[in-house]
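# Architecture and fold: a report
In case you want the letters, here they are:
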Amino acid sequence: MRRLRHPGAARRPVSPVGQQALGFTLVEVLVAVAIVAITLAAGSRAAGTLIDNSQRLSDVTLAQWCADNRLVNMKLAKQFPDVGETRFDCMELNQTFKVTLVVRASFNPNFRIVDTRVEDSRGYPLVRLNVILPRY
């Protein structure tokens, strides 16, 4: 017995074996590719930010070493620093930093205020350290 179809009924695509065709449409594939592309772009940006942050942390650490070394040398020399400004370069792990020491008088004549500023080779400020040195 043959079944009659209603004239308005939708026809389904039939595969050669008589089953319904399965798979993704072009729009579904394009949406999936777009989602993957956006995810990879976000991951790439996050990785780039992590690399920049680790480089900045390394630069700041080396600049801190430059400032600390200079201030420790001043303390070990046991000489009361003269008021004024001094500029010099500091090498740490094959990187050059520009260091500026500004020595100012304090309200108490037995102490000096030492401001240390360290910049990278391009002049970008990395560290600023202020200490008070006593007269020995």
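Higher on the page you've got the structure.
Residues numbered from 1 in each chain as written. Predicted model: local features only at pLDDT ≥ 70, side-chain atom pairs only at ≥ 80, totals over all residues. Heavy atoms only, no water.

Let us look at the overall build of the protein. A tally of regular secondary structure across the protein gives one helix and four strands. Counting from the amino terminus, helix and strand elements in the protein follow one another as α-β-β-β-β. Within the span of the protein, comprising 136 residues, buried residues form 21% of the whole. Intrachain contacts of the protein at a sequence separation of at least 6 include 38% that bridge at least 24 residues. Approximately 11,000 Å² of the protein is accessible, and the part contributed by carbon and sulfur atoms is 59%. (Helix = DSSP H or I, 4+ residues; strand = E, 2+ residues; numbered from the N terminus. Buried < 20%, exposed > 50% of the residue type's maximum accessible area, 1.4 Å probe, protein only. Contact = heavy atoms within 4.5 Å. Areas by Shrake-Rupley, 256 points an atom, 1.4 Å probe, with all protein chains shown as cover.)

As a further point, take the side chain of Thr100. With respect to the secondary-structure elements, Thr100 resides in strand S2 (residues 95–105). Those residues in contact with Thr100 that lie beyond four places of it in its chain are Glu85, Thr86, Arg87, Asp115, Thr116 and Arg117.

Right, let's get into the state of the cysteines. For the structure on display, the rule yields one disulfide. Two residues, Cys66 and Cys90, share a disulfide whose sulfurs are 2.2 Å apart. Between Cys66 and Cys90, the S-S dihedral sits near -90°, and the bridge is therefore left-handed. Taken together, the residues span a long stretch of sequence, with Cys66 in helix H1 (residues 26–77) and Cys90 in strand S1 (residues 84–92) at a distance of 24 residues. A single burial state applies to Cys66 and to Cys90, both of which are buried. (Disulfide = S-S within 2.5 Å.)

The tally for this structure, following the rule as stated, stands at three salt bridges. Of the charged contacts in the structure, one is a salt bridge between Glu85 and Arg87, with a shortest N-O distance of 2.8 Å. Residue class for Glu85 comes out partly exposed when judged on its relative accessible area of 46%. Accessibility expressed as a relative area gives 61% for Arg87, which makes it exposed. Residue Arg104 is joined to Asp115 by a salt bridge in which the shortest nitrogen-to-oxygen separation is 3.1 Å. Of this pair, Arg104 sits in strand S2 while Asp115 sits in strand S3 (residues 111–119); the two residues are 11 residues apart in sequence, bridging distant segments of the chain. Owing to a relative accessible area of 7%, Asp115 belongs among the buried residues under this scheme. (Salt bridge = Lys/Arg side-chain N within 4 Å of Asp/Glu carboxyl O.)

Over its 52 residues, H1 runs 77 Å from end to end, which matches the ideal 76 Å to within 8%, given 1.5 Å per residue. Of the surrounding elements, those touching the buried residues of H1 are S1, S2, S3 and strand S4 (125–134). Directly beyond the C-terminal end of H1, a positive phi value near 55° is found at Lys78. (Expected span 1.5 Å × (residues − 1).)

Moving on to the pairing of S4. Pairing between S3 and S4: nine bridges, direction antiparallel. In the sheet register, Val118 faces S4, and the bridge partner there is Val127. Adjacent in sequence and paired antiparallel, S3 and S4 are bridged by five residues, among which Gly123 carries a positive phi angle near 90°. (Pairing = 2+ DSSP bridges.)

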